[in-house]
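Breakdown of the fold
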Amino acid sequence: MRRTAPRTETQQADASQGVPVEQWLAMYEQMVKIRAFEEQVNELYRGAKMPGLAHLCTGQEASAVGVCQALRPDDYITSTHRGHGHCLAKGARVDLMFAELLGKAPGYCRGKGGSMHIADPQSGNLGANAIVGGGAGIATGAALSAKRRGSGQVSVCFFGEGALGQGVLYEVMNMAALWKLPVIYVCENNLYNEYTHYAETTAGELRARPAAFGIHCVEVDGQDVRAVYAMTRRVVERLMAGEGPAFLVCNTYRYFGHHVGDVNRSYYRSKEEEQDWKARRDPLAILAVWLTVEGLADAGMLEEIERRARDEVAAGVEFALAAPYPDPGEVDQHVYA
Amino acid sequence: MSTHSVPADREITFAQAVREALAEEMRRDPAVFILGEDVAEAGTPFKVLSGLVEEFGTERVTDTPISEAGFTGIAVGAAMTGLRPVVDIMFGDFLPLAMDQIVNQAAKVHYMSGGKLRVPLVVRTNLGATRRSAAQHSQSLHALLSHIPGLKVVLPSTPFDAKGLLKTAIRDENPVVFFEDKLMFQMKGPVPEGEYTIPFGVADVKRQGADITLVATSSMVQVALAVAHILEKEGISAEVLDPRTTVPLDAHTIVESAKKTGRAVVIDEGHERYGVTAEIAAVIAEGAFYHLDAPVRRMGAMDVPVPFSPVLEDLTVPTAERVAEAARALCGRT
């Protein structure tokens with residue numbers, strides 16, 4: 001299976017990058033859906049309807065959507081503990097995701113994975129991972145596999161800047177560079193390694209790290225889905241040309257705490273900082289304003305998109321709340337294939 | 001089927017049996033490939049893989065950097081997406097470097113995905129002391145891996161078993177950790193030319209007996225057979241059982257043998273504390289308690305890091321003399 005034309009098209013010079021308006025609107029809808037999804041997760045957790053932990057990606061919608069929009073349906077991703085956005089952007093269904101978050105039988109992993117382990121091979125999602133940096137080996141291995149099979153697939157490894165402290169990331173980047181594997185390491189730098197600012201954990205320059213392996217490293221405004229999308233397309237073209245792995249830094253921000261229970265966080269970041277990002281750097285607003293200013297969409301269209309996304313999310317929650325729990329006999333199923 | 005009754009018109013070494021299994025599987029299935037440190041031209045320090053790169057090339061016998069976590073993780077991802085990697089961990093002692101990839105990734109993926117993803121991965125590595133290699137090159141860590149649901153753990157004790165079990169491991173849809181004892185690589189035994197596989201979870205009766213059961217793993221099978229030989233001269237008939245896989249474990253055969261003989265010693269080269277011997281002794285106690293004429297004895301390696309000095313190292317591993325002594329005691333012949 002070889003890649004088809006869209007991947008090798010040269011980029012248009014105009015602001016829309018030659019992308020049909022429908023695709024921008026689809027990206028807007030996906031971002032709104034992720035935002036609404038996370039709001040519901042927060043509600044479910046606070047209402048004690050959701051077991052376990054939840055790490056919300058609100059504020060980081062553009063990196064998930066911008067990257068995944070530049071991928072083929074059968075391209076691979078690995079995700080993180082803050083991965084709901086990646087899973088949805090890659091094509092997971094809202095209802096089956098909520099079912100998984102609630103530990104219900106129809107969930108993506110039959111209720112055995114939960115929020116931090118959503119996997120959906122049908123949409124190329126090789127799994128969210130609760131170990132920071134845990135997807136690095138898997139994504140790199142999927143790229144090795146794609147290269148050996150000549151499938152033309154690429155592999156994207158999402159991780160936060162906190163994963164830069166994990167040695168395995170450097171081990172696999174070394175091999176990916178040596179073997180010119182079609183993998184993109186997407187570092188979503190949301191500034192905080194759990195409860196600690198990354199400046200306190202990251203020596204030297206972040207970008208110097210992939211550069212040390214000779215890995216092509218680029219940085220984008222992770223709040224601007226257009227920038228993320230354009231850069232990912234360029235990087236994918238590079239991969240397809242066999243030029244080896246790439247490292248994409250998306251500068252972004254998480255609106256909530258490390259997890260839903262992380263409410264009192266003034267000891268590590270200020271309310272002003274949070275307000276500033278929300279007011280000036282919101283990915284949904286940035287795209288909406290651009291679409292409106294360019295005359296590509298009007299307020300009515302955007303409201304209609306938002307309503308559709310929120311309806312889908314509401315229906316998904318309803319489905320999941322009504323869904324049955326797994327049969328007790330499931331407990332020892334799927335230990336071995 | 002006991003290895004002692006294997007119909008074969010040739011004898012090859014344990015290392016040759018491993019190599020033959022790999023070569024046959026790589027010829028059969030193009031998805032099978034080998035990944036590890038110095039596996040290609042060097043053929044590993046034990047030369048177990050010598051010659052494979054000449055036939056299959058570096059695309060399928062691939063040298064890696066010294067990065068156990070990295071290449072094991074890469075193998076997990078490759079296994080999830082259509083390939084069948086055989087990872088070589090040069091010494092079993094290096095398994096802890098790759099433990100997150102094996103324990104948190106490979107072993108969990110199938111379950112955590114509700115059965116949607118599979119990891120058909122083989123991790124080949126070794127175990128065993130008494131090579132004067134000191135504490136970081138002498139461990140037997142198979143109990144550690146056997147503790148983790150989602151992994152299968154294989155411990156061949158003969159060239160015949162090595163070939164048949166490795167072929168089964170490569171065809172298995174799950175992550176399998178395959179432990180070879182470093183002392184056995186040059187051991188020769190009958191191995192048929194033709195194609196065969198050995199199912200997991202089937203213990204092998206290496207020797208029939210009536211008075212006491214010796215359950216032994218890996219190179220301890222040879223120790224148990226030596227013990228049986230010693231005891232035979234003393235009028236004690238020992239049965240020697242090799243579980244061959246600790247996961248899955250053939251509890252049925254072990255329990256039935258203990259019921260028949262009424263006595264059991266379990267011998268394994270892993271540390272005794274919380275080890276394979278403890279597990280098998282418990283299985284016997286639970287399944288054959290009312291048939292036992294004596295408490296089950298377990299004999300593992302001492303609970304110390306393996307020392308360098310030959311005088312000290314030899315003290316840490318079960319020997320035929322010490323096992324025979326324990327067996328005699330159980331039989332009331334001190």
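In case you missed it, the structure is sitting above this.
In this report, the structure presented in the accompanying data block is examined.

What counts, and at which threshold
Residues numbered from 1 in each chain as written. Chains lettered and ligands numbered in written order. Predicted model: local features only at pLDDT ≥ 70, side-chain atom pairs only at ≥ 80, totals over all residues. Heavy atoms only, no water. Helix = DSSP H or I, 4+ residues; strand = E, 2+ residues; numbered from the N terminus. Rg over C-alpha atoms; globule rule 2.2 N^0.38 Å. Buried < 20%, exposed > 50% of the residue type's maximum accessible area, 1.4 Å probe, protein only. Contact = heavy atoms within 4.5 Å. Areas by Shrake-Rupley, 256 points an atom, 1.4 Å probe, with all protein chains shown as cover. Lys, Arg positive; Asp, Glu negative; His and termini not counted. Charge placed at Lys NZ, Arg CZ, Asp CG, Glu CD. Axes fitted to C-alpha atoms, helices over the stretch in contact; angles between N-to-C directions. Left-handed = near helix turned anticlockwise from the far one by under 90°. Nonpolar A, V, L, I, M, F, W, Y, C, P; charged D, E, K, R; others polar. Buried area = accessible area lost by both parts, 1.4 Å probe. Salt bridge = Lys/Arg side-chain N within 4 Å of Asp/Glu carboxyl O. Pairing = 2+ DSSP bridges. Right-handed = clockwise from strand over helix to strand, strands pointing away. Core = buried A, V, L, I, M, F, W, Y, C linked by side-chain atoms within 4.5 Å. Phe/Tyr/Trp six-rings, centres within 6.5 Å; stacked < 30°, edge-to-face > 60°. Lys NZ or Arg CZ within 6 Å of the ring centre and 35° of its normal.

Now for the overall build of chain B. When its secondary structure is counted, chain B shows 11 helices and 14 strands. Computed over C-alpha atoms, the radius of gyration of chain B comes to 19 Å, within 12% of the 20 Å expected from 2.2 N^0.38 for 334 residues, which places it in the range of a compact globule. For the C-alpha atoms alone, the extent of chain B along its principal axes is close to 60 × 45 × 40 Å. The proportion of buried residues among the 334 residues of chain B is 63%. Nonlocal contacts in chain B, meaning residues at least 24 apart in sequence, comprise 81% of its contacts between residues at least 6 apart. Here chain B displays about 12,100 Å² of accessible surface, and carbon together with sulfur accounts for 55% of that area. For chain B, the separation between the mean place of its 32 positive charges and that of its 43 negative charges on side chains is 3 Å.

On to the overall build of chain A, then. A tally of helices and strands in chain A yields 11 helices and 8 strands. Relative to its length of 337 residues, chain A is compact, with a C-alpha radius of gyration of 19 Å against a globular reference of 20 Å. Pairs at least 24 residues apart make up 75% of the contacts formed inside chain A by residues separated by at least 6 positions. On chain A, the mean spot of the 34 positive side-chain charges and the mean spot of the 41 negative ones are 5 Å from each other.

Residue and element names in this part refer to chain A. Relative to each other, helix H2 (residues 61–69) and helix H8 (residues 225–240) sit at 35°, their axes nearing to 8 Å. The handedness of the crossing between H2 and H8 is right-handed. Contacts between H2 and H8 involve Ala 62, Ser 63, Val 65, Gly 66, Val 67 and Gln 69 from the first element and Val 225, Val 228, Tyr 229 and Thr 232 from the second. Class assignment of the residues belonging to the contact of H2 with H8 gives a composition of 6 nonpolar, 4 polar and no charged.

Glancing now at the environment of Gly103(A). Following the sequence through the fold, Gly103(A) ends up in the loop between helix H4 (94–101) and strand S2 (125–128). Residues contacting Gly103(A), with those up to four places away along its chain left out, are Gly111(A), Tyr325(A) and Pro326(A).

With that settled, the discussion passes to the interface of chain A and chain B. Listed as interface residues are 36 residues of chain A and, on the opposing side, 42 residues of chain B. Across the interface of chain A and chain B, roughly 3,100 Å² is buried in total on both sides, 66% from carbon and sulfur atoms. Its largest share of buried area at the contact with chain B, chain A owes to Arg148(A), Tyr336(A) and Ala337(A), together 23% of the area lost on that side. Counting the contacts that link chain A with chain B gives 1 salt bridge. Of the charged contacts in the structure, one is a salt bridge between Glu59(B) and Arg148(A), with a shortest N-O distance of 3.7 Å.

The subject of this paragraph is the sheet that holds strand S10 (residues 212–216) of chain B. All names here are of chain B. Read across the open sheet, the 5 strands follow the order S9-S11-S10-S13-S14; overall the sheet is mixed. Strand pairing shows two members of the sheet lacking a second neighbour, strand S9 (204–207) and strand S14 (297–301), which therefore form its edges. Averaged over all neighbouring strand pairs, the angle between strand axes comes to 25°, with direction disregarded.

All right, on to the pairing of S14(B) then. Regular strands have side chains that alternate between both faces of the sheet. Residues and elements named next belong to chain B. As defined by bridge partners, strand S13 (residues 264–271) adjoins S14 across 4 bridges and the pair is classed as parallel. Bridged to Val 265 within S14 is Arg 297. The β-α-β motif built from S13, the intervening helix H9 (residues 276–288) and the parallel element S14 has right-handed crossover chirality.

So, about the nonpolar core. Judged by nonpolar contacts, the single largest core of 107 residues is most densely connected at Tyr185(A) and Phe247(A). Dropping the residues within four chain positions of it, Phe247(A) is found in contact with Phe159(A), Leu164(A), Met173(A), Tyr185(A), Cys187(A), Leu206(A), Pro210(A), Ile215(A), His216(A), Cys217(A) and Val218(A).

Residues and elements named next belong to chain B. Pairing is mixed across the open sheet formed by 7 strands, whose spatial order is S3-S2-S4-S5-S7-S6-S12. Of all the strands in the sheet, just strand S3 (61–63) and strand S12 (245–247) have a single pairing partner and so form its edges. The mean angle between the axes of side-by-side strands here comes to 20°, regardless of whether they run parallel or antiparallel. Two strands pair when backbone bridges link them, and strand S4 (residues 84–88) and strand S5 (residues 122–127) are joined in this way by 3 bridges, in the parallel orientation. Residue pairing for S5: Val 86 is matched across the bridge by Val 122.

Quick look at the pattern of salt bridges now. Residues and elements named next belong to chain A. Counted by the stated rule, this structure contains 48 salt bridges over all chains. Between Glu 312 and Lys 33 there is a salt bridge, with the nearest N and O atoms lying 3.4 Å from each other. Linking Glu 312 in helix H11 (residues 299–322) with Lys 33 in helix H1 (residues 21–46), this pair joins segments that are 279 residues apart in sequence. For Glu 312, a relative accessible area of 32% corresponds to the partly exposed category.

This paragraph deals with unusual backbone geometry. Put simply, Val247(B) and Pro248(B) share a cis peptide bond, and its omega is -5°. Secondary-structure assignment places Pro248(B) in the loop between S12 and helix H8 (251–261). A positive phi angle is found at Ala48(A), which is not glycine, with a value near 60°. The topology assignment puts Ala48(A) in the loop between H1 and H2. Taking relative accessible area as the criterion, Ala48(A) reaches 68% and is therefore assigned exposed. Despite not being glycine, Lys47(B) shows a phi value in the positive range, around 60°. When you line up the elements, Lys47(B) lands in the loop between strand S2 (32–36) and helix H2 (52–56).

What follows deals with H4(A). Residues and elements named next belong to chain A. With 8 of 8 residues buried, H4 lies mostly within the body of the structure. Taken together, the buried positions of H4 are occupied by Val 94, Asp 95, Leu 96, Met 97, Phe 98, Ala 99, Glu 100 and Leu 101. Elements in contact with the buried residues of H4: H1, helix H3 (84–89) and H11. Once H4 ends, the next one or two residues include Gly 103, with phi positive near 75°.

Moving on, we come to the packing of aromatic side chains. This structure, assessed with the given rule, holds 16 aromatic pairs over all chains. Seen from their ring centres, Tyr192(A) and Tyr253(A) are 6.4 Å apart, and the 75° between their planes marks the pair as edge-to-face. Of this pair, Tyr192(A) sits in strand S5 (residues 192–193) while Tyr253(A) sits in the loop between strand S8 (246–251) and helix H9 (271–280), and the two are 61 residues apart along the sequence. Exposure remark for Tyr253(A): the relative accessible area of 0% places this residue in the buried category. Pairing Tyr267(A) with Tyr268(A) gives two aromatic rings, centres 5.2 Å apart and planes at 75°, and the pair type is edge-to-face. Judged by relative accessible area, Tyr267(A) falls into the exposed class, the value being 58%. Tyr268(A) gets classed as buried once you look at its relative accessible area, which sits at 12%. Feature note: the residues Tyr192(A), Tyr195(A), Tyr253(A), Tyr267(A), Tyr268(A) and Trp277(A) constitute an aromatic cluster, connected by ring pairs. Directly above the aromatic system of Tyr325(A) lies the positively charged group of Lys104(A), at a separation of 4.8 Å from the ring centroid. Across from the ring centre of Phe33(B), 4.7 Å away, lies the NZ or CZ of Arg148(A), which sits over that ring.

Interpretation in functional terms is not warranted from these geometric data alone.
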